[in-house]
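In case you want the letters, here they are:
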Amino acid sequence: MNDKKINAIEIKNVTKVYGAGNSSVKALKGVDLTIYDNEFFTLLGPSGCGKTTLLRLIAGFEDITEGNIKLFNEEIISLPPNKRPVNTVFQHYALFPHLNIYENVAFALRRLNKNKDEIERRTNEVLKLVQMESFSKRKPNQLSGGQQQRVALARALAPEPKVLLLDEPLSSLDLKLRQAMRVELKNLQRDTGITFVFVTHDQEEALTMSDRIAVISNGEIQQIGKPEDIYENPNNQFVANFIGEVNLLSGICLKNGENGSCKLDTGHEIYLVIPQSVEEGEAITVFIRPERITINKSLSEKSLTSISGFTYVGNAAHVELLSNNQIINATLPIDRVKDFKKGDLIEIEFPKDHAQVINK
Amino acid sequence: MKLKDKKLKFRHVWNFPGFGGWTAIFFGFLYIPILVLISYSFNAGKFAMIWTGFSFRWYTKLFSNENILDATFNSLIVACTAAPIATIIATFSALALVRGGNFKTKEFSNGLITLPLMVPEIVTAVATLIFFAFLGINFGLINVILAHSVFCIPFAYMPIKAALEAMDPNLELAARDLYSNKSSAFRTITLPLLTPGIISGFMLAFVISIDDFIITLMVAGGGATTLPVYIYSMVKMGVTPEVNAVSSLMLCFSILVVTGYWFLNRKNNN
Amino acid sequence: MNIQGENKTQNRVVALLPLWVVIGIFMIGPLLVMAVVSLMKSNVYGGVHFEFSLDGYKQILFDTNLFGEREFNPAYVIIIGRSFVLASLATIISFIIGFPAAYYISRQSKKVKDILIFLVTVPFWTNLLIRTFAWIIILGKGGVIESSFIFLGFINEGDTLNLMYTNSAILIGLVYSYLPLMVLPIYASMEKMDMRLLEAAADLYSSRISLIRKVILPLSMPGIIGGCILVFVPCLGAFIAPDLLGGGKKLLLGSLIQFQFASARNWSFGAAVAMVLLLLVILVLFFNARINKKHRDYETQG
C-alpha cells in the first residue's frame, strides 16, 4: 500500500445555511474532513443529518455559505458543476428518459468534445465494465432498477472523474440485489482506483464497504475512522447507538485508571479502564456490545439477574436480561444458550477489555 | 316467482343504481344539441329549423362566401400570432415559477397568470376596449391579436407547468454534472423533455383564440371580423342554414384539435 | 438549488419580465382605466369627458324623471337581481345534473374513466356561441321541440310554445354552457376517494342515502365548492346566453354592459356596472378562499 497519502478532497470549516432569518436551517455546521485518494469513503448518518448536502456541495449543486473545499489542492467552490472533475451517481439514477443507454453513457464525453472514436471506445468500455453492453439501444424506462443503476454508474465513470460521488445509490434496490451490488461497487472502486465518496444511512452497508467512515448527525461530524475503530471505540453515544447493537449502562465510578472499576445501576460491579479525568463518585455511562457479554446459569438463588426475554434469530439468540430494573442485552451463539429459558437466574460475565466509558 | 329463481345481481356497495342511467342522460344533454346542429347543417331546405332533406349545398355555398372566408382567414391570422406569443410567455413564466424556488414575488406572479381566468370575460373585453380607445390603438386585427395574446397565456401555461413539474429536477443537475453548461443542459435535456408540454400549451391557446367571441366582439374594429363574430352577426339577422354549416365546421375543428391534444398527452403518459 | 456561479435572481427576473409587462399593461392597465372611466362623465357620442362624476354609479339606482327630480329606478337593480338568481339557479341545477354523473364516472375503470372525462371536457373547448346557438334550433319557433310536438300531435301546426326569449331559455343556456366546469372539480375530488371508506360505512349499517350524505358529500365538498364557483362566476357575467336566448329583452349584467358600449354609448355607466360585477366576483372568490381555508384547517385538525 502506498504510504504517501494524497488528499483528494479537503473540506475545511464548511457551513451551509438554507433560507434566511427565522426560517433558516443550518444543514452543515463547520465541517472539517479530509478524504484521501483511492479511498472508499462513506458519509454515514440518519436522514436529514447533512450527508447529502455535503455531497451536493462537493458536486457543485449548492453554493457554500462558509468554508472551503479543495479538490487535489485546488479550490473548487467558485466552479460550477460542469467545471469540476467530479461525477455523481444519483439516488434515483436520473437517467435521461429521451436518450437511449448508449447516449446516456456517452453524454459527458460528447460535452467534453472528445473525438468520435474516443467516445465510441470509452462508452463501450465502460458499458462492458458494468455488464450492460447488450442494452445500448434501449431506453431507461425499459430497464429494471438494478440495470438502471449500473447504467447510472457507467455514465458517471465514462468521463474518468477523479472522484465519484454516490448518493445512496443502493437504497431503491431489494435486499439480495443490494448485497450483490455492494460487492460489485467495492470491487469497482478497487479496480479503477477512483476515490469513491459514498452516502448512506445503512450502517451495515457502511461497515462492509468502506475504507473509512464519517458519522454525521445534525450537520456535525461525530467521528471519522476505519469501520473497526468506529465499531469498537465509538466517540459518543450517538455513534455507539447508530452502529450495531449496543448497551449503554449508567453507573458510578468507584476507581479510575487502568484497573478502574465502577458500580452499574444494574447492581453489578465491573472492571474496566476509566480515564484519569473521571473522578471517583462521578456518574458515567458504560458502553458494551451485546456480543461481548457472556452468561452462565446461576448456582445461587440470590442472583441479581434473570432472563426477561429470549429471541431466536437463526444463528444466534438475543437475550434480554433484567437486573435491578435495568435491561442488559446480550447476543450469544445458539449453542451457548440451548438450555436457557425465560425466567432463569443468570450470572453475567462482563468483558474488561471491551467495556468503556463513553461521552454523551 | 320464487326467491331462488330470481337471479340476484351482485352490486358493490359503492355502485349506486340509476347513476349509470343518469350519466347517460347527462351525456345526452351535453351532446344532443351539438348533434342537432351538425345534422341540421345538412338540411336541404332554406329554413334552418325545418328539415326538408339531406344536402351538402350549404357547405359548398360556404366556400364561395367571401365574408366567411375573410373572417376565417382573420381568425387564423389572430390565432397563429397570439398562440405562439402566449406560449412563449407561458414557457418562460413556467420555467421561472416551477424551477425558480421560493421568492418574494412568486405568489403575485402566480396570481398574474391566473388573472385572465378570474376576471369575467365581459369585464376584460370592455376594459380592453376602453384602454385601446384611450391610447388611440386602432390597428384593426392587431388589437385583437394583442388582446388574445394576453388571455391565452393561462391556457398555454397549464400544460407546460404540468410537464415541468413532472420532470425530475435531477435530470438538469445530472447534465451539469456531466459537463454541460447551462444553455447546453437546457437545450439537450430540458427543452426536449418539455416540448410535448409546450405543444400541448400551444394547442390549447390556439383553440381558445379561435373560439373567442366576447373579447373579439368588443375589441375588433371594422374589417377585423373573426369567424365567431361573423357567425354572431349572422345569427342576429336570423338563423340560416349557412350559419349551421359554418358553425358545424368550427365545432368539428375544435373537437379535432382537442382530441389531438388528448392523444398526444396519452402517448406521453404511457 | 443554487448552482455556484449563477445569478438566480437575474435569470428569474428576465424570465418573468414578459409576463409582468404583458399582463401588467394589457390586463391591469385596462382594469385601472376602466375604473377611472367609471368615475367620469359620459360623452353622448361614446367615450368620456375628462371630468369627475359619479353619474355612472348613480344611474344604476336612480333616474331623473320629467320634473328633473331624482327618483329610484328599479330597472337595473332588477337586472342585477335577475343575474344573481339565474346564476344561482344555474349552479344548483348544474350540481343536480352533474353530481351523480361525476360520481358514476369516478367509479369506472381507468380506461373508461379517461375516455368519459375526455368526453366531458370536449364541449368546453368548443365555441360557446355556437353551442348556445344550437339551443335556438332546439327551442325556437319551428325548432326541434316544436316540430316534434307538432309531429306527435301535442300541439297544432302554426302554434308556438314560446320557449325562446324567456328566463327559462336563458337558464337552460347557462346550465349548458358551464356544466362541464361543475363536473370536473367534483370528479377530481371523488377520484381520490377510497372506496373502502364506503365499504366500511356500509359494514357499519349505513344505508345508501346515508352513504351519500355522510361520506361522499363531505369528502367531495372541496370539489363541489370549486365546481359551484366555476359555474356561478361566469354565469353572473354571462353575455351569450341572455343575448341569444333572451333576445336582448331579458337583460343580465353581461348583456347590459355590452349594450352600453355597442348601441347605448354610455361608457361611464357601462364601466360602473362592470365595476359592480367585478366587485361581486371578488366577493364570491373571497368567500371561497375563506371556506377553503376553513376546510383545510378542518382536515389538519383531523
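Residues numbered from 1 in each chain as written. Chains lettered and ligands numbered in written order. Predicted model: local features only at pLDDT ≥ 70, side-chain atom pairs only at ≥ 80, totals over all residues. Heavy atoms only, no water.

**So, the pattern of salt bridges**
All names here are of chain A. Overall, the coordinates contain 25 salt bridges over all chains when judged by the stated rule. With a closest N to O distance of 3.7 Å, D202 and R178 form a salt bridge. Highlighted residues: D202 in the loop between β8 (195–200) and α6 (203–209) and R178 in helix α5 (residues 175–192), separated in sequence by 24 residues. According to the relative accessible area criterion, D202 is buried, its value standing at 19%. Among the ionic contacts, a cluster of salt bridges with common partners joins R178, R182, D202, E204 and E205. (Salt bridge = Lys/Arg side-chain N within 4 Å of Asp/Glu carboxyl O. Helix = DSSP H or I, 4+ residues; strand = E, 2+ residues; numbered from the N terminus. Buried < 20%, exposed > 50% of the residue type's maximum accessible area, 1.4 Å probe, protein only.)

**With respect to the sheet that holds strand β2 (residues 25–36) of chain A**
Residues and elements named next belong to chain A. One open sheet accounts for four strands, arranged β2-β1-β4-β5; its pairing is antiparallel. Only two strands of the sheet have a single partner each, and these edge strands are β2 and β5 (74–75). Each of β1 (7–18), β2 and β4 (66–71) touches helix α1 (residues 51–59); the most contacted strand, β1, lies at about 115° to it. (Pairing = 2+ DSSP bridges. Contact = heavy atoms within 4.5 Å. Axes fitted to C-alpha atoms, helices over the stretch in contact; angles between N-to-C directions.)

**Examining the interface of chain B and chain A**
Residue-level contacts link 17 residues of chain B with 23 residues of chain A. Taking both partners together, chain B and chain A bury about 1,800 Å²; carbon and sulfur atoms supply 67% of that area. Three residues stand out in chain B for area buried against chain A, namely B:D177, B:L178 and B:Y179, and they jointly supply 43% of the buried area on that side. Summed over the shared surface of chain B and chain A, the number is seven residue pairs in polar contact (both at pLDDT 80 or more). Listing elements by their share of the side of chain B that touches chain A, those giving two or more residues are α7 (169–177) and α8 (182–211) of chain B. Residue composition of the side of chain B that touches chain A, grouped by class: nine nonpolar, five polar and three charged. (Buried area = accessible area lost by both parts, 1.4 Å probe. Polar contact = N/O pair within 3.5 Å; in protein donor to acceptor, adjacent residues only side chain to side chain. Nonpolar A, V, L, I, M, F, W, Y, C, P; charged D, E, K, R; others polar.)

**Details of unusual backbone geometry**
All names here are of chain A. Residue Y93 is not a glycine yet carries a positive backbone phi of 70°. Assignment of secondary structure puts Y93 in the loop between β6 (86–89) and α2 (101–111). For N324, which is not a glycine, the phi torsion comes out positive at approximately 55°. Of note, N324 is situated in the loop between β17 (316–323) and β18 (326–333). A relative accessible area of 52% means that N324 is categorised as exposed.

**A word on the pairing of β18(A)**
Residues and elements named next belong to chain A. Bridging between β17 and β18 involves eight bridges; their strand directions are antiparallel. Looking across to β18, one finds that A317 is bridged to L332. In textbook terms, the turn of a hairpin is the stretch between consecutive antiparallel strands, and for β17 and β18 this stretch comprises two residues, one of which, N324, has a positive phi near 55°.

**Thoughts on the side chain of C:R82**
Residue and element names in this part refer to chain C. Positionally, R82 belongs in helix α3 (residues 74–106). Among buried charged residues, R82 stands out as having no salt bridge; its nearest opposite-charge side chain is D243, 12 Å away. Of the polar contacts made by the side chain of R82, one reaches the backbone oxygen of L251; its length is 2.8 Å. If sequence neighbours within four positions are ignored, R82 has contacts with N167, K250, L251 and L252. (Lys, Arg positive; Asp, Glu negative; His and termini not counted.)

**As for the environment of B:N110**
All names here are of chain B. If you trace the backbone, N110 turns up in helix α4 (residues 106–118). As a C-alpha pair, N110 and A174 span 64 residues in sequence and 28 Å in three-dimensional space. Apart from residues lying up to four places away in sequence, N110 is in contact with L97 and Y157.

**Notes on the environment of B:V243**
Inspection of the secondary structure puts B:V243 in helix α11 (residues 241–269). What makes B:V243 buried here is its relative accessible area of 0%. For the pair formed by B:V243 and B:V207, sequence separation is 36 residues and the distance between their alpha carbons is 20 Å. Setting aside residues no more than four positions away along its own chain, B:V243 makes contact with B:I231, B:M234, B:V235 and C:F133.

**Details of the confidence of the model for chain C**
Residue and element names in this part refer to chain C. On average, chain C scores 84 in pLDDT, and the residues at 70 or more come to 93%. When mean pLDDT is taken per element in chain C, helix α7 (residues 167–191) scores highest with 92 and strand β3 (residues 62–64) scores lowest with 73. For this predicted complex, the interface confidence reaches an ipTM of 0.84, while the overall pTM sits at 0.82. (pLDDT = per-residue confidence, 0-100.)

**Things to note about the interface of chain C and chain B**
Every contact between the two is made by 89 residues of chain C and, on the other side, 86 residues of chain B. Summing both partners gives a buried area of about 8,100 Å² for chain C against chain B, and 83% of it is carried by carbon and sulfur. At the junction of chain C and chain B, the tally comes to one salt bridge. Note that B:K236 is salt-bridged to C:D243, the shortest N-O span being 3.1 Å. Our enumeration of links across chain C and chain B arrives at seven residue pairs in polar contact (both at pLDDT 80 or more). Considering every element that reaches the side of chain C that touches chain B, the biggest residue donor is helix α1 (residues 8–37) of chain C, with 20 residues.

**So, a nonpolar patch on the surface**
On the surface, B:W22, C:V85, C:L89, C:I92 and C:I96 cluster together into a nonpolar patch covering about 440 Å² of accessible area. Secondary-structure assignment places C:L89 in helix α3. (Patch = residues over 30% accessible without salt bridge, like charges linked within 9 Å, V, L, I, M, F, W, Y side chains within 5 Å. Areas by Shrake-Rupley, 256 points an atom, 1.4 Å probe, with all protein chains shown as cover.)

**Focus on the packing of helix α3 (residues 66–99) of chain B against helix α6 (residues 141–166) of chain B**
Residue and element names in this part refer to chain B. Two numbers describe how α3 lies on α6: the axes approach to 5 Å, and their chain directions differ by 40°. In terms of orientation, α3 lies oblique with respect to α6. Here α3 and α6 pass one another in a crossing that is right-handed. (Parallel < 35°, antiparallel > 145°, perpendicular 65-115°, else oblique. Left-handed = near helix turned anticlockwise from the far one by under 90°.)

**Some thoughts on the nonpolar core**
Counting residues in hydrophobic clusters, the biggest one holds 217 residues, and the most contacted among them are A:I9, A:L43 and A:I69. Counting residues per element, this core draws most heavily on α7(C), which supplies 14 residues. Residues within four places of A:I9 in sequence aside, it is in contact with A:L33, A:T34, A:I35, A:I58, A:I69, A:K70, A:L71, A:V163 and A:V197. In terms of nonpolar packing, the next biggest core, distinct from the first, is built from 34 residues, A:Y102, A:F135, A:L188 and A:F196 among them. (Core = buried A, V, L, I, M, F, W, Y, C linked by side-chain atoms within 4.5 Å.)

**Points about the packing of α4(B) against α1(C)**
With their axes 10 Å apart at the nearest point, α4(B) and α1(C) run at an angle of 50° to one another. Between α4(B) and α1(C), the crossing angle belongs to the class labelled oblique. In the packing of α4(B) onto α1(C), the handedness of the crossing is left-handed. Within the contact between the two elements, α4(B) uses B:F108, B:S109, B:L112, B:I113, B:L115 and B:P116 and α1(C) uses C:L16, C:L19, C:W20, C:I23, C:M27 and C:I28.

**Some remarks on the domain arrangement of chain A**
Residues and elements named next belong to chain A. The assigned domain composition of chain A is domain 1 (7–242) and domain 2 (247–357). Measuring from the centre of the C-alpha atoms in domain 1 to the corresponding centre in domain 2 gives 40 Å. Between domain 1 and domain 2, the residue contacts involve eight residues of the former and eight residues of the latter. Between domain 1 and domain 2, the buried area comes to about 680 Å², and carbon and sulfur atoms account for 39% of it. Counting the surface domain 1 buries against domain 2, the share from its top three residues, Y231, E232 and Q237, is 63%. For the pair domain 1 and domain 2, the interface holds one salt bridge. Between R292 and E232 there is a salt bridge; the shortest N-O distance is 3.1 Å. Scanning the region where domain 1 abuts domain 2 turns up five residue pairs in polar contact (both at pLDDT 80 or more). Elements supplying a minimum of two residues to the side of domain 1 that touches domain 2: α7 (227–232) and α8 (237–242). In terms of residue class, the side of domain 1 that touches domain 2 is built from four nonpolar, three polar and one charged. (Domains from an automatic or database assignment.)

**Let's talk about the sheet that holds strand β13 (residues 269–271) of chain A**
Residue and element names in this part refer to chain A. Taking strand neighbours across the sheet as the criterion, the five strands line up as β13-β12-β11-β14-β20 in an open arrangement whose pairing is antiparallel. Taken across any chain shown, the strands that pair with only one partner, and hence form the sheet edges, are β13 and β20 (355–358). Direction aside, neighbouring strands of the sheet carry axes that sit 45° apart on average.

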